[in-house]
Amino acid sequence: MSESPNSPPEASPDSAIGSDPGGMTRRTALKLAGATLGAAAFAKAIAPIADWAADVSVDEFLQKHYRELTPEAMAKIIARLEADALEEHGVAVHIADPKPQPGVKFGYALNLSICVGCRRCAEACHKENNHDRPSGNSYIRVYEMQKGTMDLAQGNVTYTHPVADPEKYYMPVQCQQCDNPPCVDVCPVEATWKEKDGIVVVDYNWCIGCRYCEAACPYHARRFNWTKPEVPAEEINPVQAYLSNRLRPQGVMEKCTYCLHRTREGKLPACLEACPTGARVFGNLLDPESEIRWVLANKRVFVLKEELGTRPSFFYFFDK
Amino acid sequence: MSSPGTSSSLQLAADPRRGHFANYVRFLWRAGIAATDGNGWFYAWMTLLTAVGLVGLNAWAVQIRDGMAVTAMTDHVSWGLYIANFTFMVGLAAGGVMMVIPAYLYHDEEMHDVVIVGEMLAIAAIVMCIGFVVVDLGRPDRAWHMIPGIGVFNWPLSMLTWDVVVLNGYLLLNLHICGYLLYMRFLGRRPNPRWYVPFVFLSIVWAISIHTVTAFLYCGLGGRPFWNTALLAPRFLASAFVSGPAFIIIGLQILRRVAGVRMSDKPLSILTNIMRVTILINLLMVVSEVFTEFYSGSSHTAAARYLYFGLHGAHGLVPWIWTSVVFNVVAAILILRPGVVAHKRQLTLVCVLAFVAVWIEKGMGLIIPGFIPSTMHELVEYSPSLIEWQIMAGIWALGLLVYTIALKVGLPVLTAPRSAKH
Amino acid sequence: MKAPRYLSAFVVVALCTAGAWALRAGVTAPGSDPVVAPSSLTASSELAGATRLRHAVNIRSGPATPKVLTNSLNHGGAPVPVACATCHTTRAPNLALHASEDLKEFHQGLAYQHGAQSCLSCHNATNYDTLRRADGTSVDYPRVIELCAQCHGPQYRDFKAGAHGGMTGHWDLARGPRERNTCVDCHDPHAPAFPKVRPVFVPVDRGAVQQAQRAAAHPVSDSAHE
């Protein structure tokens, strides 16, 4: 034990011990061999990360939080994302970053009396929002409910029989865009927040993928990208927004944004357009003349799980 | 293992002519040597842990490359084995402090010798906690987003940020206490109580906080009735103070046998007495919880029904939880017997049973039923995938590696005569 | 800021594609000549500072005046369609008829399920190429909505308020028009109950199988406590 006092502490003891007197040589050699073997095994073990790291650019790694980005930085990021889509999928996508419109707060209402449970809304969501095809992801789940009860435990989402079954009613559930959103509170890095027009959004480039928001959401409205979403090039919806339907990276959360790439441009959300019965009513809660306000004033609306104090901007009602 | 050479190398290597910096570097150097030097068994053990750790590392690398689809987690059960182990490990870290309370709060001199065993356990457990959180991240490359200053730290709103603060704080506290005591030993000086006793007391409070905050992580979620109970934090603490002492009792016995640490039965009997109380409190809380769930019969009991009896033909957790219940009850009965400390085998059995029982109860038995049925009452089961088991084993191996090294470095303190320290 | 540029670009695109929407609608339902709705149907969303531009809510018109296929074939081998009046001007109306089974010829197999109405509750006995209101006045086929509205007041009220019937286009009429279905786009006037449909897009996420099993294994317990 007489190593030089100048030897750097970071050096492995194995290498330095080589200068020890004779008795230790064999042991030292063994240690050295072990360390080499260990290092080789270590390199082999972490090799898969290299494939993945090739996909993550330095710019992406260093990208700042959405709300800290200057317009110029955002333009650069969007150009990068568009270039990525072109390179990876050969599709020229257009990614916008529409902002909340002043005087607009979105509300959604759903008429449970006329929803027939055809799930066209879920399908439209899947296509509009560039969801992963193999997992059939969608922000909307349609629950087939037993008439006479609101007990979700008696609900079913995987029904395949012709609908509507007269003994049932159908309740599509998506993000309720709560005014008091538990998912936003729990996020450790503020990767999800509520915008001025009421939409709860996710910065897919800031989310760390801890899934705490998914645990916190009482409506099963959040989805995790368990893999890198796969969408055939010809099916990619090229009309995209940074905070909504652009192609998502692996390992981050996503959620319904009321199709903000459409609705912030004044258009109706894709799920509403797909609805064959008109069970869905969408509009501006701040406009007293809007359809959604008419529903709130004239129908006996309710919200899901009101007792949790989440204050949804999504309402349900029955005609009869 | 505790060869005289190792021991003396740490004790008498300080050069009084040098400054603290040089001495500290020499101390780390000696610690490094002490940590990598040992007999054949030691090398075999370390090699085994390294091998298992590498298997876990490889599994994690695959998970990063292919996405968390390689786990059995889903959008319905979005936390699984990792967070289950994380929760348990926080308890183990907090439980380590159970050595400290009798030693410093009640001035039990004999406990002072072994208190470092508990603190080192806390260090190893926190390292595992951090490991389990990191492998649960979908984007570990973005972990820096959580660093205050350069990232965005949603404190105080997010309980997860509280957890980051308290866990890292606890790690630093224990690193300081252990490091200081060992360094003083290295210098051959008496530790100055001013530099560690306040931290020891702080660590006691802090130990309670880490587990309370971790419980708040879950019980603050109104949408998950299984977790949304005020009893969660007390339950966490009670079970932590079962698993912590249980692990230390097992550890001390191994140290006595393998490393020849001289030690009376007193610490063992103190820890056993602690367990006698905490295991009963824990059982009482489980009973209260079960009663509240089942007697009311509200729809919120679906998760508890799934856990204990199965629901609509799905009963993946039933064998787990009943194993835990049986182990818990048997351990409670056995540990209440007066002569249990004298019967070392029985004591070890009790501790193993209690440890496994708490691991299930606080891990799979607590995290998974929070998701089954889902918030929208969909019933999707979860059973960990091979990758998850591999990563879990890897992190356990890492933790044991840290613990072994810490003990190896700390052995001189343990084996030295008590008078030398006080 | 790029938003205003995108925004103005979008308005242009939206205006240009308004016609495409109508075309797309035409694929799914006949008679898609859009008629500009009466002002009472135009939902307004006046906002402070918003442009004065107001786009229309276009309600699809009802079907064109129908024709009935005869048994005679044309040169191409297809049945010859004739206007309703071709036959009905030569026959006396039978006010008691309720169902196609009662008929000896024509309109065979017409599934009728619309309360206790007779054919002539809605079809105009004095001019079969039009429809008939309860007060006896006639309504052209494209304006069928006025006929339905007589009895189905709540539905018509909801429709006018934008809370009944499918639509596409813009929620914000300051930024683009809206296209709305009329009654018979979704409801067969002879059997207006919304038909059963095969649901699309069954969830395939991991674990869904178990739920199907559960539904199959415990159908009784699932619906026992209603």
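As a convention, each chain's residues are numbered from 1 in the sequence order in which they are written. Key to labels: chains lettered from A, ligands numbered from 1, both in the order written. Residue-level local features of this predicted model are given only where pLDDT is at least 70; pairs of side-chain atoms are given and counted only at 80 or more, and the full residue set underlies all totals for whole chains, interfaces and linings. Side-chain numbers here rest on the full set of heavy atoms in the structure, without hydrogens or water.

Visitor: Just give me the short version of the overall build of chain A, but keep the residues and values in it.
Guide: Each helix is a run of DSSP H or I of at least 4 residues and each strand a run of E of at least 2, with the numbering of both proceeding from the N terminus. Tallying secondary structure elements over chain A gives 10 helices and 12 strands in all. Radius of gyration means the value over C-alpha atoms here, while the globule rule gives 2.2 Å times the residue count to the 0.38 power. For 320 residues, the compact-globule estimate of 2.2 N^0.38 gives 20 Å, and chain A exceeds it by more than 25% at 27 Å. Summarising its shape, the C-alpha atoms of chain A cover approximately 95 × 45 × 40 Å along the three principal directions. Scored against the burial criterion, the 320 residues of chain A give a buried share of 60%. Any two residues whose heavy atoms approach within 4.5 Å are treated as being in contact. Contacts in chain A between residues far apart in sequence, at least 24 positions, make up 64% of those at least 6 positions apart. Accessible surface, chain A: about 12,200 Å² in total, of which carbon and sulfur atoms supply 58%. Three labels apply to residues, based on accessible area from a 1.4 Å probe with only protein chains included: buried if under 20% of the type maximum, exposed if over 50%, partly exposed otherwise in between. All accessibility values rest on the Shrake-Rupley procedure with a 1.4 Å probe; residue burial counts only the protein chains present in the view.

Visitor: For the overall build of chain B, give the residues involved together with the corresponding values.
Guide: Regarding its fold elements, chain B presents 16 helices and 0 strands. Computed over its C-alpha atoms, the radius of gyration of chain B comes to 22 Å, within 12% of the 22 Å expected for a compact globule of 422 residues. Summarising its shape, the C-alpha atoms of chain B cover approximately 70 × 55 × 40 Å along the three principal directions. Burial status across chain B gives 63% buried among its 422 residues. Sequence-distant contacts in chain B: of pairs separated by 6 or more residues, those separated by 24 or more amount to 77%. Of the accessible surface of chain B, which amounts to about 15,500 Å², a share of 71% is contributed by carbon and sulfur atoms. Neither His nor the chain termini are counted; the positive set is Lys and Arg, and the negative set is Asp and Glu. Note that the charge is assigned to NZ on lysines, CZ on arginines, CG on aspartates and CD on glutamates. Here chain B carries 26 positive and 19 negative side-chain charges, and the mean point of each set is 13 Å from the other.

Visitor: I'd like a rundown of the packing of aromatic side chains, residues and numbers included.
Guide: Note on ring pairs: Phe, Tyr and Trp rings are taken, using the six-membered ring of Trp, and paired if centres are within 6.5 Å. Classes follow the plane angle, with under 30 degrees stacked, over 60 edge-to-face and the rest tilted. Evaluated as defined, the whole model comprises 46 aromatic pairs over all chains. Seen from their ring centres, A:Phe106 and C:Trp171 are 5.3 Å apart, and the 85 degrees between their planes marks the pair as edge-to-face. Of this pair, A:Phe106 sits in strand β2 (residues 106-111) while C:Trp171 sits in the loop between β7 (167-169) and β8 (178-180), which puts the two residues in different chains. Like C:Trp171, A:Phe106 is buried. Look at A:Tyr108 and A:Phe314: their rings are 5.1 Å apart centre to centre, the planes differ by 35 degrees, and that puts the pair in the tilted class. You can see A:Tyr108 sitting in strand β2 and its partner A:Phe314 sitting in strand β12 (residues 314-317), a full 206 residues away along the chain.

Visitor: Account for the nonpolar core, with residues named and values stated.
Guide: Working definition of a nonpolar core: buried Ala, Val, Leu, Ile, Met, Phe, Trp, Tyr and Cys residues. They are joined through side-chain atoms within 4.5 Å. In terms of nonpolar packing, the biggest core is built from 236 residues, with B:Phe132, B:Tyr218, B:Trp227 and B:Ile367 touching the most fellow members. With 16 residues, the single largest contributor to this core is helix α6 (residues 109-136) of chain B. Both domains that meet at this core, namely domain 1 (26-97 + 180-255) and domain 2 (106-172 + 263-317) of chain A, each give it at least three residues. Core analysis: the next-biggest nonpolar cluster, separate from the first, contains 11 residues, A:Ala109, A:Ile292, A:Phe315 and C:Ala163 among them. Those domain boundaries reflect an automatic or database domain assignment.

Visitor: Any chance you could break down the pairing of strand β2 (residues 57-60) of chain C for me, citing the residues and the numbers?
Guide: Along any regular strand the residues' side chains alternate between the sheet's two faces. Residues and elements named next belong to chain C. Judged by which residues are buried, β2 turns out to be covered on both faces: Val57 and Ile59 on one side and Asn58 and Arg60 on the other are all buried. Strand pairing follows a simple DSSP-based rule, namely that at least 2 bridges must link the two strands. The sheet contact formed by β2 and β8 spans 3 bridges and is parallel. The residue of β8 that forms the bridge with Ile59 is Arg180.

Visitor: A description of unusual backbone geometry should follow, citing residues and the corresponding values.
Guide: A negative phi angle is the norm for most residues apart from glycine, just as the trans form is the norm for most peptide bonds. Put simply, A:Val163 and A:Ala164 share a cis peptide bond, and its omega is 5 degrees. Inspection of the secondary structure puts A:Ala164 in the loop between β3 (141-146) and β4 (168-173). The phi angle at C:His107 is positive, at roughly 55 degrees, despite the residue not being glycine. Along the polypeptide, C:His107 turns up in the loop between α2 (84-88) and α3 (119-122).

Visitor: Got a sec to walk through the interface of chain B and chain A? Specific residues and values, please.
Guide: Every contact between the two is made by 59 residues of chain B and, on the other side, 69 residues of chain A. Carbon and sulfur atoms make up 60% of the area that chain B and chain A hide from each other, which totals about 5,700 Å². Summed over the three residues of chain B that lose the most area to chain A, namely B:Trp29, B:Asp75 and B:Met376, the buried surface amounts to 15% of that side. The term salt bridge refers to a side-chain nitrogen of Lys or Arg lying within 4 Å of a carboxyl oxygen of Asp or Glu. A:Lys31 is the salt-bridge partner of B:Asp37, the closest N and O atoms lying 3.4 Å from each other. Note on terms: buried area is the combined drop in 1.4 Å-probe accessible area of two parts once they are placed together, counting the loss on both.

Visitor: Give me the pairing of β2(A): which residues, what numbers.
Guide: Residue and element names in this part refer to chain A. In terms of residue burial, β2 counts as a mostly covered element, since 6 of its 6 residues are buried. Bridging between β2 and strand β10 (residues 280-284) involves 5 bridges; their strand directions are antiparallel. Residue pairing across strands places Ala109 opposite Val281, the latter belonging to β10. Sheet analysis places β2 next to β12, joined by 4 bridges and oriented parallel. By the bridge assignment, Asn111 is partnered in β12 with Phe317.

Visitor: Before we move on, can you summarise helix α3 (residues 40-66) of chain B with the specific residues and values?
Guide: Because each turn of an α-helix spans 3.6 residues, side chains separated by three or four positions end up pointing in the same direction. All names here are of chain B. Compared with the 39 Å implied by 1.5 Å per residue over 27 residues, the 39 Å span of α3 between its first and last C-alpha is a close match. Among the residues of α3, those classed as buried are Phe42, Met46, Leu49, Leu54, Gly56, Leu57, Ala59, Trp60, Ala61, Val62, Gln63 and Ile64. Polar contact is the term for a pair of N or O atoms within 3.5 Å; when the atoms are in protein, one must be able to donate a hydrogen and the other to accept it, and sequence-neighboring residues count only if both atoms are side-chain atoms. One side-chain oxygen at the N-terminal end of α3 lies 3.2 Å from the backbone nitrogen of Trp41; it belongs to Asn39. Within two residues after α3, Gly67 carries a phi angle of roughly 90 degrees, on the positive side. Expected helix span is taken as 1.5 Å per residue step, with the number of steps being one fewer than the number of residues.

Visitor: Break down the pattern of salt bridges for me, citing the residues and quoting the values.
Guide: Applying the stated criterion to the full structure yields 32 salt bridges over all chains. B:Arg65 serves as the salt-bridge partner of A:Asp51, at 3.7 Å between the closest nitrogen and oxygen. Of this pair, A:Asp51 sits in helix α2 (residues 25-53) while B:Arg65 is found in helix α3, placing the two residues in two different chains. Since its relative accessible area comes to 31%, B:Arg65 is described here as partly exposed. A:Glu195 is the partner of A:Arg264 in a salt bridge, and the nearest nitrogen-oxygen pair spans 2.7 Å. Taken together, the residues A:Arg264 in the loop between α8 (260-263) and α9 (270-274) and A:Glu195 in the loop between β5 (192-194) and β6 (200-202) connect sequence positions 69 residues apart. Given the relative accessible area of 0%, A:Arg264 is considered buried. Members of the salt-bridge network, linked through shared partners, are A:Glu60, B:Arg139, B:Asp141 and B:Arg142.

Visitor: Explain a nonpolar patch on the surface to me, using residue names and the numbers behind them.
Guide: Patch definition: residues with relative accessible area over 30% and no salt bridge; like charges joined within 9 Å; nonpolar side chains (Val, Leu, Ile, Met, Phe, Trp, Tyr) joined within 5 Å. A contiguous nonpolar patch, built from A:Val58, A:Phe61 and A:Leu62 and spanning about 290 Å² of accessible area, is present on the exposed surface. By relative accessible area, A:Val58 is classed as exposed at 59%.

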